[in-house]
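# Chain and residue survey
Each chain is listed here by its residues.
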Amino acid sequence: MLRRVRQSLRQVLFLMARRPGLLCGAIVLSVLLILAVKFTCSRAKNVVAAARPPVRFFSTEAPVVDLYLGQLDQVERLRSMAEVSLIFFYAPWCAHSMAARQEVQQVAKKLAKQVQFVAVNCWWSQGKCRRQNRFYQYPIIHLFYRRFGPIEYKGPFVAPYVESFILRVITPLTYLPSRATLEEFLSYHEPRVVGFFQFNSSPQPPGYITYLSSALQALKRDFRGIVRFGVVTNKQVAEAISLEEDETVYLYRRLNSSLIFPRRERNFTSEAICSWVFEHHETVLHWLQPPGTKSRLLEHELTKGPALLLFLPHNPLGSNPNPLLQQVADIAVRYHSCDINNHSNLDKSFTSHSCCQSVLLPESSTSVCEVCLSLSQSILTSSSIRCMFPSMAHGGDVLQSYLRHCCLHRESAPMSMKTTTSLGCSNFLNSYSPFSQYSACCRKVEPQLNQSQTKEEPDMQRVPLMAPSSSIPPSSDPQQEGDGITGLWCQTNRTLRFYVLDVALNWPLAVRLGATGNRSASLHQEAGAQGDGSFAAIVNLKDEVHYVLHRSPEATLTESLEAFIRNFSAPYSLLQRHLVGEEERKAGDEDTRHPDKHQHPRPLITELTTSSFLPSVMDLQKDVLLFYYTQWCGFCSVLNHVIIQLARLLQGNGTITVARVNVARNDLPWEFMVDHVPSILLFPKYRKHFSVKFPDDLPITLPNLLHFILQHSGSVQYADKPVTASSGAEEGVGPGVIFRAEFLALQHEVQALHHARERLSQQLAQLWRDNRRLKFDTRSLEAQNAELQRERQSLEEQHREKSWQLGEAVRRLQELADTSENLLNENTLLRVLLRALKDRTETKEQEEVERREAEQRRNHMAS
């Protein structure tokens, strides 16, 4: 092995000795490589600093075990020591984690004796939590109930909400010891589940643990705990809801019949019970909690149909039920109630306000029907009562066919019934409307057939139609008056979904929908949020409209919401679309109708908002050129200088206003919207209904805009200005006065055009001077460019010459290298030959010496 190394070293040294240039190049490359490595390592040490070790995230006074090194193995040990544990995963740099830290500390101080609070740093790279978990956001809260979990909390990181969630996990079941508590438990609007388990045989029946796990499964599926679970241990209490068999799970429903868990069809497991409850439960009131980040929660819910969004003050830890929430829940339950009793109550409300007339059917001589047009109390006013019945000869085919079906089938009654007077009433709709219907009460009288009565029968057939009565009989029973909201969900296609939001957490959304004031003022009486802190709006995403509830001070929330829902559900809704716009700028717009140039200088471009749009655009005394734009439109930004130049040209003209509106931040009436931006519309004076849109095929330039204004301006139609006859007679206005006014107006227009022409001439002169200067600059730049081109060509020639010379030098060096190598080879060969000749000469000399010595010895011997 050593011999091989020595031989390789000898060969390398031999080659370097033969080519000394190669040795120098290798030494230089080695030195450069060592310097580069050293420089890189030194910069890496200076730029990348060692990560600082983490420190405690929670204060030492907080009852929270802070595992700031990410010791995930200690979490299992701490969790096994407590019945309920809360694990708070955080990142020290996360602002949301810092904000939630104060809330968690506040909850931990209150529930430290019941819950084990553990915080884990899941961002430390050397921690076990970071290596085992992949969280995409922070913070994250997991709750464990004994061995069950984790139950992830997805609500707002606010102390009352977190505490409420923990308390529901601590007590997932509500104990119902008596019938009163059971009735109170079932009286709320949330879905309720009751389990009946007798604790006589053992401390915990076999199915009780499964039922408890199903309640925890429901919390895991829905952290808000919409479905509440209760447990009954007394058989007499269970009989109140018809539960007789032990280990029975009962789902209470208001709108449909209640259900019992089918143990024969499904396995009695916690997952099966939870799935069965969520498949069959009824929810008339949905809680919404937008996360505050990018989410499609609102879009997912609003695409289901029109939604009633109710912003209410909510305290999750309140011991007493929220009265506003109870009122809203009662309205929602009555709105979705579609059973027979509710329909009968609604019919009573209809019959309490009706206009009636008697109708004699020609096909029958014994049937007289009284037809009543019933109106709902919600649309009935003292000035809107109209008794309109279809004529039996014109357009009353539907009504007449119904009366035949209602009354004539009684002709086949048995003879025993013909001596009595029968009465039958029913309701039907002549046209689709949830607020009006016809009711027909058909009476059939069969008297004894005697001579006098047979004579009276023809007279009975000639009974004329009674005049419709518009009087409204007062209702003696207030319970008979319907509220117009019960069962409305089944009577109209414009159904609503009820959503509740916390006004304190979602106040920015309420402001975007039309609420006024700030977040603190939302709990007080404001224009948008009422005195009780509530705000309501209906959002119809399909029609791209929303309506805002405006309550009167004396009306209650129930009355206002019922009227609001009825007006929305009407076939021809009386609600006005709410338009949301930017607030008025203090130093921006002026009163265009009465400008005061001394106190408020007129701006070049008037910025319009939702509130100032119609007063400014529909001003009959001015031509308004309106520019539609948005803040995200790049083409709109490019056209700003054109609009500004146009406004400067028209600055001296008081009859033309240049305005713009941001359609992304200001809602406008549908008739004033455009299909794309940028768009320009002109509203001429005196004829606003002749508004003209700037052609899309023309470029938006200053000359085109001036031509567009002059062509469609309202000054051309000045003669069409409306002048009343009374005012002309009083002031003595004749044709001469009108012509003189027209002449003065035209003269003013000509003067304005002269001023505009002078401004254009000045601008053209300036442009001509700028163009001339640009031409001189262009010529100088062209000369410089030619000189640079010549220098470039000379440099290229020099480059080519130097390259050729360098190539020749390289070729010669290569020839010299080859020649030197050949010389070295020949030199070596010559050395070998010389060595061989020298050895041969020495051998011959030695032989000659030996021959001479032999001859001498022979001579000596011979002598």
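## Side note on the sheet that holds strand S12 (residues 307-312)
Strand order in the open sheet formed by 5 strands is S11-S17-S12-S18-S19, and the pairing between neighbours is mixed. Both edges of this open sheet fall to strand S11 (285-287) and strand S19 (545-548), since each of them pairs with a single strand only. Adjacent strand axes in the sheet meet at a mean angle of 25°, parallel and antiparallel pairs treated alike.

## What to know about the nonpolar core
Membership of the largest hydrophobic core comes to 52 residues, with the highest contact counts inside it found for Phe88, Phe117 and Ile166. Sequence-distant contacts of Ile166, defined by excluding residues within four places in its chain, comprise Leu86, Val107, Leu111, Val115, Phe117 and Leu143. Within the second largest apolar cluster, 29 residues are counted, among which are Leu310, Leu324, Ile485 and Ala536.

## A closer look at the pattern of salt bridges
For side chains bearing opposite charge, pairing can occur when the charged atoms are close. Tallied over the entire structure, the rule returns 24 salt bridges. A salt bridge links Arg263 to Glu247; its shortest N-O distance comes to 3.3 Å. Of this pair, Arg263 sits in the loop between strand S10 (259-260) and helix H10 (270-280) while Glu247 sits in the loop between helix H9 (235-238) and strand S9 (248-252); the two residues are 16 residues apart in sequence, bridging distant segments of the chain. The exposure class assigned to Glu247 is buried, which follows from its relative accessible area of 17%. With its nearest N and O atoms 4.0 Å apart, the salt bridge here joins Arg835 to Asp839. In this pair, Arg835 and Asp839 both sit in helix H23 (residues 735-862), 4 residues apart, roughly one turn of the helix. Under the relative-accessibility criterion, Arg835 is labelled exposed at 51%. Taking relative accessible area as the criterion, Asp839 reaches 32% and is therefore assigned partly exposed.

## Section: the side chain of Ser534
Here Ser534 shows up in the loop between helix H16 (507-513) and strand S18 (535-540). At 3.1 Å, the side chain of Ser534 forms a polar contact with the side chain of Arg551.

## A word on unusual backbone geometry
Of the consecutive residues Gly149 and Pro150, the connecting peptide bond is found in the cis state with omega at 0°. Of note, Pro150 is situated in strand S5 (residues 148-153). Going from Val677 to Pro678, the amide bond is cis rather than trans, its omega being 0°. A positive phi is found at Glu544, a non-glycine position, where the angle reads about 60°. Residue position: Glu544 is located in the loop between S18 and S19. With a relative accessible area of 57%, Glu544 lands in the exposed category. Backbone geometry places Tyr686, a non-glycine residue, at a positive phi of 70°. Secondary-structure assignment places Tyr686 in the loop between strand S23 (679-683) and strand S24 (692-693). The exposure class of Tyr686 is buried, given its relative accessible area of 13%.

## Some points on the sheet that holds S9
Taken in spatial order, the 5 strands line up as S6-S8-S7-S9-S10 in an open sheet, and their pairing is mixed. Single-partner strands in this sheet number two, and they are strand S6 (173-175) and S10. Strand direction decides the pairing type here: strand S7 (residues 192-196) and S9, joined by 5 bridges, are antiparallel. In the sheet register, Arg192 faces S9, and the bridge partner there is Tyr252. Where helix H8 (residues 206-221) meets the sheet, its contacts fall on S6, S7, strand S8 (228-232) and S9, and the angle it forms with S8 comes to roughly 165°.

## Some details on the confidence of the model for the protein chain
If pLDDT is low for a region, its predicted coordinates should not be looked at in detail. Confidence in the prediction of the protein chain, expressed as mean pLDDT, is 76, and 70% of residues score 70 or more. Within the model, the stretch residues 376-386 combines pLDDT values under 50 with 18 contacts to residues more than four positions away or in other chains. The low-confidence segment residues 445-481 (pLDDT under 50) makes 46 contacts with residues lying over four places distant or belonging to another chain.

## A word on a nonpolar patch on the surface
Together, Ile27, Leu29, Val31, Leu32 and Leu35 line one region of the surface with nonpolar side chains, adding up to about 500 Å² of accessible area. Structurally, Leu35 can be placed in helix H2 (residues 20-47). What makes Leu35 exposed here is its relative accessible area of 52%.

## Overview of the packing of helix H12 (residues 323-336) against helix H17 (residues 557-569)
In contact at an axis separation of 10 Å, H12 and H17 are set at 35° when each is read in the N-to-C sense. When the axes of H12 and H17 are compared, the crossing they make is right-handed. In this structure, H12 uses Leu324, Gln327, Val328, Ile331, Arg334 and Tyr335 to contact H17, whose residues at the interface are Leu557, Thr558, Leu561, Glu562 and Ile565.

What counts, and where the lines are drawn
Residues numbered from 1 in each chain as written. Predicted model: local features only at pLDDT ≥ 70, side-chain atom pairs only at ≥ 80, totals over all residues. Heavy atoms only, no water. Pairing = 2+ DSSP bridges. Helix = DSSP H or I, 4+ residues; strand = E, 2+ residues; numbered from the N terminus. Axes fitted to C-alpha atoms, helices over the stretch in contact; angles between N-to-C directions. Core = buried A, V, L, I, M, F, W, Y, C linked by side-chain atoms within 4.5 Å. Buried < 20%, exposed > 50% of the residue type's maximum accessible area, 1.4 Å probe, protein only. Contact = heavy atoms within 4.5 Å. Salt bridge = Lys/Arg side-chain N within 4 Å of Asp/Glu carboxyl O. Polar contact = N/O pair within 3.5 Å; in protein donor to acceptor, adjacent residues only side chain to side chain. pLDDT = per-residue confidence, 0-100. Patch = residues over 30% accessible without salt bridge, like charges linked within 9 Å, V, L, I, M, F, W, Y side chains within 5 Å. Areas by Shrake-Rupley, 256 points an atom, 1.4 Å probe, with all protein chains shown as cover. Left-handed = near helix turned anticlockwise from the far one by under 90°.

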